[in-house]
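Listed below, chain by chain, are the residues.
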Amino acid sequence: MTITVREVGPGFAAEITGIDLSSAPTDADIEQLRNVWMENKVAILPNQSLSDEDLIDFTKRMGPLFVHVRSMFHSPNHPEIMIVSNLKEDGRALGALGDGDLGWHTDQCYTAKPCWATLLYGIEVPADGGNTNFADLCAAYEALPDDLRAEVEGKRVVYSVLAETVSKKSPLSAEQRARTPDVTQPLVRKHPYLDRKALYVSPNHYVRIEGMSQADSDRLFRRLADWIGQEKFVYSHDWRVGDIVLWDNTSVVHRRDAFPSTQRRFLKRTGFHLPDELSVPV
Ligand code: OGA
Ligand code: MN
């Protein structure tokens, strides 16, 4: 397989062409893809045509499969696939609409072992808006002014699934909540394989920074949240049908843009974990 890699964002995010995920990529192909993806933090694979089984098989070859706690949005017959959509059937929402609604977040940071990667596959995409935006948390960390860099060092943040707006609209059952207690995460995270550090912040799930008053914590966190969203750190993905977009939750945050409710957006979502011994953020 000969792939072509084209950078599409400011110093990160790569479009990768020359690979058809439905035609049984070899182990070497998967290894190459994993390396390009890790280096670039976000990988975009256009023009894919995948059955649910193909999508699950590919995700499984990248790492241990993730299954989302919100089982009401699982794809029928395939709990490994979650539906991300604004569509309704008989008044029932078919999917979550991006678990963080419109704010910056990193996926499942409210669990002790957050999923490493999230993958979205575009089935129906709106003509206007609905982009997925990514901010490079490594670049954001490296560019921090000295005072902020000193302030974030060694700090830990409490995150909660209940802080998400979706938790208010679609509350978790008592059993689901029991499986997702609040956790703390380091504010600066080392990549599990690469020699790089990133800010590890998820404004949508934030509760407080440990060891600070709520007011001081909110002030610092707000500064960081504003910092990461600067245009120079952001790639905005304008969806085309058949796009697979795969991101590294250790190194980017993401958020969806609004789009007209009269337009259809239907994405399939999978994810994979780190190996267990590397999966607690440090
Ligand atoms: C998600 C998510 C964003 C989008 O699925 O975790 O944040 O653009 N999706 O749908
Ligand atoms: Mn998300």
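To start, this report covers the structure provided alongside it. Not measured: the values here are computed from a predicted model.

### A few points about the overall build of the chain
Item 1. Along the backbone of the chain there are 7 helices and 18 strands.
Item 2. The C-alpha radius of gyration of the chain comes to 18 Å, within 12% of the 19 Å expected for a compact globule of 282 residues.
Item 3. C-alpha extents for the chain along the principal axes are approximately 50 × 45 × 40 Å.
Item 4. Counting the 282 residues in the chain, one finds 39% classified as buried.
Item 5. Within the chain, contacts between residues separated by at least 24 positions form 79% of all contacts whose residues are at least 6 apart in sequence.

### Some remarks on the sheet that holds strand 9 (residues 132-136)
Item 1. Reading across the sheet, the 3 strands line up as 15-9-17 and stay open at both edges, with antiparallel pairing between neighbours. Each edge of the open sheet is held by one strand with a lone partner, namely strand 15 (234-237) and strand 17 (252-256). If you compare each strand with its neighbour and ignore which way they point, the axes differ by 20 degrees on average.
Item 2. Pairing geometry for strand 9 and strand 15, over 4 bridges, is antiparallel. Note on strand 15: the bridge partner recorded for A135 is V234.

### Comments concerning helix 2 (residues 52-62)
Item 1. Listed in full, the buried residues belonging to helix 2 are L55, F58 and T59. Buried residues in helix 2, looked at end-on, bunch into an arc of 95 degrees, giving them a common side.

### Structural notes on the nonpolar core
Item 1. Ranked by internal contacts, the top residues of the largest apolar core, which has 66 residues, are V42, A135, L137, L199 and I228.
Item 2. It is helix 3 (residues 137-142) that provides the largest number of residues to this core, a total of 5 residues.
Item 3. Residue contacts for V42: discarding those within four places in its chain leaves G9, F12, A13, F134, Y235, V245, W247 and V252.

### Overview of the pairing of strand 5 (residues 78-85)
Item 1. Summarising burial for strand 5: 6 of the 8 residues are buried, a large majority.
Item 2. Across 2 bridges, strand 4 (residues 74-75) lies against strand 5 in antiparallel orientation. Bridging from a neighbouring strand, S75 pairs with H78 of strand 5.
Item 3. Counted along the chain from strand 4 to the antiparallel partner strand 5, the turn is 2 residues long, and its residue N77 has a positive phi close to 75 degrees.
Item 4. Of the pairings in the sheet, the one linking strand 5 to strand 18 (residues 266-272) comprises 4 bridges and is antiparallel in character. Within the sheet, the bridge partner assigned to V84 lies in strand 18 and is L267.

### With respect to the sheet that holds strand 16 (residues 244-248)
Item 1. The strand order across the open sheet formed by 8 strands is 1-2-3-16-8-18-5-4, and the pairing between neighbours is mixed. Two strands in the sheet have a free side with no partner beyond their single neighbour: strand 1 (4-7) and strand 4.

### Regarding helix 1 (residues 27-40)
Item 1. Taking 1.5 Å per residue, 14 residues should reach 20 Å; helix 1 reaches 20 Å between its end C-alpha atoms and fits that length.
Item 2. On the buried face of helix 1, the contacting elements are strand 2 (14-17), strand 3 (42-45) and strand 16.
Item 3. Downstream of helix 1 by a residue or two, K41 has a phi angle that is positive, lying close to 70 degrees.

### Quick notes on the environment of N40
Item 1. By secondary structure assignment, the location of N40 is in helix 1.
Item 2. Using a count of 25 C-beta atoms within 10 Å as the deciding quantity, one classes N40 as buried.
Item 3. Along the primary structure N40 and D147 are separated by 107 residues, whereas in three dimensions their C-alpha atoms are 28 Å apart.
Item 4. Among all residues touching N40, those that are not within four sequence positions of it are F12, A13 and A14.

### Some points on unusual backbone geometry
Negative phi is the rule for most residues except glycine; trans is the rule for most peptide bonds.
Item 1. Of note, A24 is a non-glycine position whose phi angle comes to about 45 degrees, a positive value.
Item 2. Turning to its location among the elements, A24 is positioned in the loop between strand 2 and helix 1.
Item 3. In the Ramachandran plot, K41 falls in the positive-phi region, its phi being about 70 degrees despite a non-glycine side chain.
Item 4. Along the chain, K41 falls in the loop between helix 1 and strand 3.
Item 5. Judged by the 28 C-beta atoms lying within 10 Å of it, K41 is buried.

### A closer look at the environment of Q108
Item 1. With respect to the helices and strands, Q108 occurs in the loop between strand 7 (92-93) and strand 8 (117-124).
Item 2. With residues up to four places along the chain from it excluded, the contact list for Q108 reads P114 and C115.

Reading the values: the criteria
Residues numbered from 1 in each chain as written. Chains lettered and ligands numbered in written order. Predicted model: local features only at pLDDT ≥ 70, side-chain atom pairs only at ≥ 80, totals over all residues. Helix = DSSP H or I, 4+ residues; strand = E, 2+ residues; numbered from the N terminus. Rg over C-alpha atoms; globule rule 2.2 N^0.38 Å. Buried ≥ 20, exposed ≤ 12 C-beta atoms within 10 Å, placed from the backbone. Contact = placed C-beta atoms within 7 Å. Pairing = 2+ DSSP bridges. Axes fitted to C-alpha atoms, helices over the stretch in contact; angles between N-to-C directions. Arc of directions from axis to C-beta. Core = buried A, V, L, I, M, F, W, Y, C linked by C-beta atoms within 7 Å. Expected span 1.5 Å × (residues − 1).

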